[in-house]
Amino acid sequence: MVARGLRALRGALRAAAAGRPFSTRPARAPAMDYQDAIRTLNTLQTNASYLEQVKRERGDPQAQLEAMQGFLERSGLKVEDLDRLNIIHVTGTKGKGSTCAFTECILRSYGLKTGFYSSPHLVQVRERIRINGQPISKELFSKYFWLVYNRLEETKDPAHASMPAYFRFLTIMAFHVFLQEKVDLAVVEVGIGGAYDCTNIIRAPVVCGVSSLGIDHTSILGDTMEKIAWQKGGIFKPGVPAFTVAQPERPLEVLRDRAQERECPLYLCPELDAFEGGHRVLELGLAGTHQRSNAALALQLARSWLQCRGCQGLGELKEVPPGAELAGRPVPLAPAFQPTDAMIQGLRDTEWLGRTQVLPHGPVTWYLDGAHTTSSVQACVRWFRQAALNQDKPHDGSEVRVLLFNATGDRDTAALLKLLLPCEFDYAVFCPNFTEVSVASNMDQQNFNVTLENALTRCLENQQTWTRLLEEKGEQDPWLPAPVRVGGLLQPAPARGTLLLVPPAPRPLNSPALVFPCLAQALRWVAQGRDPWLAAPAATGAHPHPAASSGAVLLREAAAIRVLVTGSLHLVGGVLRLLDPALSQ
C-alpha cells in the first residue's frame, strides 16, 4: 500500500516540479556572500553520519571533546577564551529552548548585551546565533562564517577531518561572534544530551540548568530516563551552581549523583507559584501551562548569574521553613524570591517562534508547536484544546479541525499520533518538512541527509498508523453515534459542531488522512484560498484521494478552520516560512 502511495506521489511530484531538480549541491566557487556561505555550510551537513560517530565514540567522550577543541584552536580560539563569555549552559529534553529564551530576555531587560546560541533554526540558519534577542544580520553571518571557514581551510591536517560537521561548525562560529561582538553574557543551549555534546567544551560557565527530562534521541542517549539524566548531568562543572525543575524520582537521583561526582552544587527550582505570592500572577510571553516550569528555571538561572556577577537589588529571598530544603527530596530546594521589575518584564516580553504560537489568518487559525516527544505532545494537546476552546465558536457550528503532522529521527510516531486523537481532528494531513517540491531556492532549509522518497515513505506510514488508530478507537467506543449520510457528507457530530467527510470505501467512517509531497501543497489545500498569505490550490494536478476534492468544498464553506501543526520543529519552520514571508527576509 505504501509503495502504491509512493508511485502516486511521485507522479504528483513530477507534475509539480516541472522538471526542476529537488536539490543541488554548490557547483561553483563561493563568492563569500551570504547565499554562498549557506551553500557552503550545507556541504557540512553530515548529521546522520555524525550521529553514528557519536554512538561509536560514546564510551570515549574525551575523544569527541578533544576533536572539538582541536577545531576551536584551528579557528583561532582557545578553550579558556570561552571563559570570558560568562556563559549560562542549559540542557534538558523538553523546554530547554524556551528556558533559554526566557533567561536571555530577562537579562536583556537589565540592559545587558546578550548572546544566545540555540538549535535548530526554523526559517533561517541565522536564528541560531542571536545578539540582543535578534538573529545576527546576513552581513555579520557572512563575515564570521568565512573567517572561521577560511581559517579551518588554511590549517587542514591530513591526519584529521579538515572541517567540523554542521553543528560543530556553527558552535565554533557562535563563540567567535559572541567574543568579537563583546556580549556581556552568552546563553548556550546544548544540542543533544550534554556529556558528549560539542558545547560541553565550555569549562567554566557561570551557571547551568536542566529543564524537564523525557525520552528522546534514544539511539544516542540511551533508552531510559536514568541513562538520559546521566548524559544531561554531564554539563555540571566543579563549583558552578546548577538548577533543575521537578523530575521523576530516579532521574533526579541520577542528576544528584552526577552533581556530587563533579562537586557541583545542584538545586531544585520551586514552582512558579512560589514566585508569585498574593494575588499577582506572572504574565508569560509563551503560552501553555508547561511554560511555567521553564519560566521558574529561567528566574533561578538569571538571578544566579546576576548574583555571581555581583549585581545588587535582585529581589528579596523568601524564607524557607526549617527542614523544607530537603523534605524527602534528593536535591535541596532553592529558595524562591520576589522577582524584580526587570525579571517580570523579561518573562512577559519573551518570544520564541514555533512554540505554542497562534497565527490568526482570517477564518483560518494556525496553531504551531514543535513538540516531538510524548510528554511535549501531551503538553501541546492540552494547550491546543484550551486555545481552540477559548476561540469564539461559529454560529452555525461549521468548524473544521485539521492536523498537520510530521516526525523525524527515531521517534515513535505511533505513540505521538495516539496522543493527538483526543483533539478530534476532521482531517489529518501528513507531508515532509520540505516547503516546495524543489528547495534549491531555499538553501536555509536544505537537508542533504533526508531523501524525498524516504520522507514520503514515512508520511505514508504515518497515514496508515493514523487510520489504524482511528479504527481501534471506534472499536473501543461503543457509544459513538452512528453517522448519518446527507448528500455525501456527514451531519455534524452531536458531541461537537464539526463536519466530517465520508472517506472512500472500504475504510470505516472516520477522519480522512491525506499525504502531500510538500508543505506548500498541503497548506494551500487546507486554506483553500482563504488565507491571504497563501495562494489558492491549483485546479490541475488535484490530490488523487477522493476526500481531497470533497473536503475542499467543506473547507471553503466552513466558518472557521483550526489547524494544529506539530511533531517536528523543522515542520513548523517550513510552515512559518510560508505563512510569514517576512521571516525569510
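Data block above holds the structure.
Figured I'd write up the structure that's included with this text. It should be emphasised that the depicted structure is a prediction, and the values quoted were computed from it without experimental measurement.

**Points about the overall build of the protein chain**
Thought 1: The helix and strand inventory of the protein chain stands at 19 helices and 16 strands.
Thought 2: Evaluated residue by residue, the protein chain yields a buried proportion of 55% over its 585 residues.
Thought 3: In the protein chain, once contacts between residues fewer than 6 apart in sequence are set aside, the share between residues at least 24 apart is 79%.

**Considering the packing of aromatic side chains**
Thought 1: Under the criterion given, the structure shown has 18 aromatic pairs.
Thought 2: Here the aromatic residues Tyr 34, Phe 141, Phe 145, Trp 146, Tyr 149 and Phe 169 are joined through ring pairs into a cluster of three or more.
Thought 3: Lying across the ring of Trp 230, Arg 258 places its NZ or CZ 3.6 Å from the centre.
Thought 4: A cation sits over an aromatic face here: Arg 303 above Phe 337, 5.1 Å from the ring centre.

**A closer look at the nonpolar core**
Thought 1: In terms of nonpolar packing, the biggest core is built from 44 residues, with Phe 141 and Met 173 touching the most fellow members.
Thought 2: Only helix 2 (34-42), helix 4 (61-74), strand 3 (129-131), helix 6 (138-154), helix 7 (166-180) and strand 5 (185-189) provide two or more residues apiece to this core.
Thought 3: Of all the elements, helix 7 adds the most residues to this core, at 11 residues.
Thought 4: Leave out the neighbours within four places in its chain, and Met 173 touches Ile 129, Ile 136, Phe 141, Tyr 144, Phe 145 and Val 148.
Thought 5: Core analysis: the second largest hydrophobic core is formed by 40 residues, Cys 431, Leu 523, Ala 552 and Leu 554 among them.

**Brief notes about unusual backbone geometry**
Thought 1: Cis geometry marks the peptide bond from Ser 119 to Pro 120; its omega dihedral reads -5 degrees.
Thought 2: Along the chain, the position of Pro 120 falls in the loop between strand 2 (114-117) and strand 3.
Thought 3: The phi dihedral of Asn 132 falls on the positive side, at around 50 degrees, and the residue is not glycine.
Thought 4: Within the secondary structure, Asn 132 is located in the loop between strand 3 and strand 4 (134-135).
Thought 5: The phi angle at Gln 528 is positive, at roughly 50 degrees, despite the residue not being glycine.

**As for the packing of helix 5 (residues 96-108) against helix 12 (residues 291-308)**
Thought 1: At their nearest, the axes of helix 5 and helix 12 sit 8 Å apart, and the two run at 45 degrees to each other. Taken together, the axis directions place helix 5 and helix 12 in an arrangement best described as oblique. Judged by the twist between their axes, the crossing of helix 5 over helix 12 is right-handed. Facing Ser 98, Thr 99, Phe 102, Thr 103, Ile 106 and Leu 107 of helix 5, the residues of helix 12 in contact are Gln 291, Asn 294, Ala 295, Leu 297, Ala 298, Leu 299, Leu 301, Ala 302, Trp 305 and Leu 306.
Thought 2: Classifying every residue of the contact of helix 5 with helix 12 gives 11 nonpolar, 5 polar and no charged.

Cut-offs and rules
Residues numbered from 1 in each chain as written. Predicted model: local features only at pLDDT ≥ 70, side-chain atom pairs only at ≥ 80, totals over all residues. Heavy atoms only, no water. Helix = DSSP H or I, 4+ residues; strand = E, 2+ residues; numbered from the N terminus. Buried < 20%, exposed > 50% of the residue type's maximum accessible area, 1.4 Å probe, protein only. Contact = heavy atoms within 4.5 Å. Phe/Tyr/Trp six-rings, centres within 6.5 Å; stacked < 30°, edge-to-face > 60°. Lys NZ or Arg CZ within 6 Å of the ring centre and 35° of its normal. Core = buried A, V, L, I, M, F, W, Y, C linked by side-chain atoms within 4.5 Å. Axes fitted to C-alpha atoms, helices over the stretch in contact; angles between N-to-C directions. Parallel < 35°, antiparallel > 145°, perpendicular 65-115°, else oblique. Left-handed = near helix turned anticlockwise from the far one by under 90°. Nonpolar A, V, L, I, M, F, W, Y, C, P; charged D, E, K, R; others polar.

Remember, this is a structural readout, not a statement about activity or role.
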